[in-house]
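Summary of structural features
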Amino acid sequence: MKGLLKNELWEKRELTIYVPPTYGSKPDRAYPVVYVHDGGNLFDPKYSESLTVLERQFVSGELRELILVGIRPLQRLDEYTPWPAQALSAKFADFGGRGGEYADLIVRKLIPYIRERYAVLEGPEHTAMAGASLGGLISMYAAYLHPDRFGRIGSISGSYWYPGFVDYMRAHSLEDRAYRRIYMDVGSIEGKQMYPLNRQVHALLRQMGHDDDRLRFDVEEGAAHDPSLFPMRLPKALQWLFADRTGKDKKIR
């Protein structure tokens, strides 16, 4: 890794912040920013080699250099769910449904905090949110709640089995905008009806007008719902989300 990882304490929660290799080399240079759920597990070297892959993409020109902000949850089952729901089994707590508050906190407080301290580009076309499983769910929900804030969404194995969420999407429109790009993927053998529900969500977005230029859906053949598999899918998601229009036909590895 040639970039820099920093840990900061913010609002009683840990942030893991990655800045790319050229950060600080030019005083007037600013970077797109990606807000990543689960404390940055998707890019933390302790969990994967995804940063190594990302930095190779920076060097090859396949991906613009980015700042990544990993946000560690305080209560994951509360903050990553849109409304209360019963637990899947007696071994787990019920879902608290405080996702709206969590998304608002990021918009009202975390985004200004990052902008004050780091050289980030402003505007939805330069601001992404990404996560896996429930993190993919809350990323999509945040796109609906704050459509003019998060213009790029990465939903890796999004948990669209969550009670009522597909119905919510049917009832609420997420307008297609020139800056919006949504990346979705799912494993072909994931449980909880993950595969058909992700396909259904993709179809709903297509019906709303999102075309192949701004919406991508990949199926990971033979992949189960395994958190150890999620980090290596982040580089592909970010490469597509931040690809230049002129490079949209480049192979996405």
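Let us look at the structure shown here. This one's a predicted model, so the numbers in the text were calculated from it and none came from an experiment. (Residues numbered from 1 in each chain as written. Predicted model: local features only at pLDDT ≥ 70, side-chain atom pairs only at ≥ 80, totals over all residues. Heavy atoms only, no water.)

1. A word on the overall build of the protein
Spelled out, the test is: Helix and strand definitions here come from DSSP, where helices need a minimum of 4 consecutive H or I residues and strands a minimum of 2 consecutive E residues; each element is numbered from the N-terminal end. Values of the radius of gyration come from C-alpha atoms, whereas the globule rule sets the reference at 2.2 Å times the count of residues to the power 0.38. Relative accessibility thresholds used throughout: buried, under 20% of the residue-type maximum; exposed, over 50%; partly exposed, between the two (1.4 Å probe, protein chains only).
In terms of regular secondary structure, the protein is built from 7 helices and 8 strands. For 253 residues, the compact-globule estimate of 2.2 N^0.38 gives 18 Å, and the protein sits close to it at 17 Å. Here the C-alpha coordinates of the protein stretch approximately 50 × 40 × 35 Å along the principal axes. Here the protein, with 253 residues, has 55% of them falling under the buried criterion.

2. Structural notes on the packing of helix H3 (residues 99–117) against helix H4 (residues 134–145)
Any two packed helices are characterised by the angle at which their axes cross and by the distance between the axes. In plain terms, the rule: To get an axis, fit a line to the C-alpha atoms, keeping to the stretch in contact for a helix; angles then go from 0 to 180 degrees between the N-to-C directions. Here is the rule for angles: anything less than 35 degrees is roughly parallel, anything more than 145 is roughly antiparallel, 65 through 115 is roughly perpendicular, and the remaining ranges are oblique. Should the near helix be turned counterclockwise from the far one by less than a right angle, the crossing is left-handed, whereas a clockwise turn marks it as right-handed. Residue contacts are defined here by distance: any two heavy atoms, one from each residue, within 4.5 Å place the two residues in contact. When residue character is reported, Ala, Val, Leu, Ile, Met, Phe, Trp, Tyr, Cys and Pro are called nonpolar, Asp, Glu, Lys and Arg charged, and the others, Gly included, polar.
It is the contact of H3 with H4, at a shortest axis distance of 10 Å, that shows an interaxial angle of 70°. Accordingly, the angle class assigned to the pair H3 and H4 is roughly perpendicular. Two packed elements cross with a definite hand, and for H3 against H4 that hand is right-handed. On H4, the residues touching Gly99, Gly100, Tyr102 and Ala103 of H3 are Ile138, Tyr141, Ala142 and Leu145. Taken together, the residues that form the contact of H3 with H4 break down as 6 nonpolar, 2 polar and no charged.

3. A few points about the packing of aromatic side chains
Defined as follows: By convention, a stacked pair of Phe, Tyr or Trp rings (six-membered ring in the case of Trp) has centres within 6.5 Å and planes under 30 degrees apart, an edge-to-face pair has planes over 60 apart, and any other such pair is tilted. Charge over a ring is defined by NZ of Lys or CZ of Arg lying within 6 Å of the ring centre and within 35 degrees of the ring normal.
Across all of its chains, the model carries 16 aromatic pairs by this definition. The interplanar angle of 40° and the centroid separation of 5.6 Å between the aromatic rings of Tyr23 and Tyr31 together place this pair among those described as tilted. Classification of Tyr31 by relative accessible area gives buried; the value is 1%. For the ring pair Phe95 and Trp161, a centre distance of 6.0 Å and an interplane angle of 55° mean the geometry is tilted. Here the residue Phe95 occupies a position in the loop between helix H2 (76–79) and H3, and Trp161 occupies one in the loop between strand S6 (152–156) and helix H5 (165–171), the gap between them amounting to 66 residues. Given the relative accessible area of 17%, Trp161 is considered buried. Each member of the aromatic cluster is reached from another via a ring pair, and the members are Trp83, Phe95, Tyr141, Tyr144, Tyr160, Trp161, Tyr162, Phe165 and Tyr168. The ring of Phe242 carries the charged tip of Arg152 above its face, separated from the ring centre by 5.5 Å. Of note, Arg181 hangs over the ring of Trp240, and the distance from its end group to the ring centre comes to 4.2 Å.

4. Remarks on the packing of helix H1 (residues 50–60) against helix H7 (residues 234–241)
The interhelical angle for the contact between H1 and H7, taken along N-to-C directions, is 30°, at an axis separation of 9 Å. By the angle between their axes, H1 is roughly parallel relative to H7. Taken as a pair, H1 and H7 cross one another with a handedness that is right-handed. Contact with H1, carried on its side by Ser50, Val53, Leu54 and Gln57, involves Pro235, Leu238 and Gln239 of H7 and no other residues of that element. Class assignment for the residues of the contact of H1 with H7 results in 4 nonpolar, 3 polar and no charged.

5. Overview of the pairing of strand S5 (residues 127–132)
The line we're drawing: Strand pairing is assigned whenever DSSP detects at least two bridges linking the two strands.
Most of S5 sits out of view: 6 of its 6 residues are buried. Judged by which residues are buried, S5 turns out to be covered on both faces: Thr127, Met129 and Gly131 on one side and Ala128, Ala130 and Ala132 on the other are all buried. Bridge count for strand S3 (residues 33–36) against S5 is 4 bridges, and the pairing is parallel. Looking at S5, one finds that Val33 is bridged to Thr127. The sheet contact formed by S5 and S6 spans 5 bridges and is parallel. Its bridge partner lying in S6, Ala130 is registered against Gly154.

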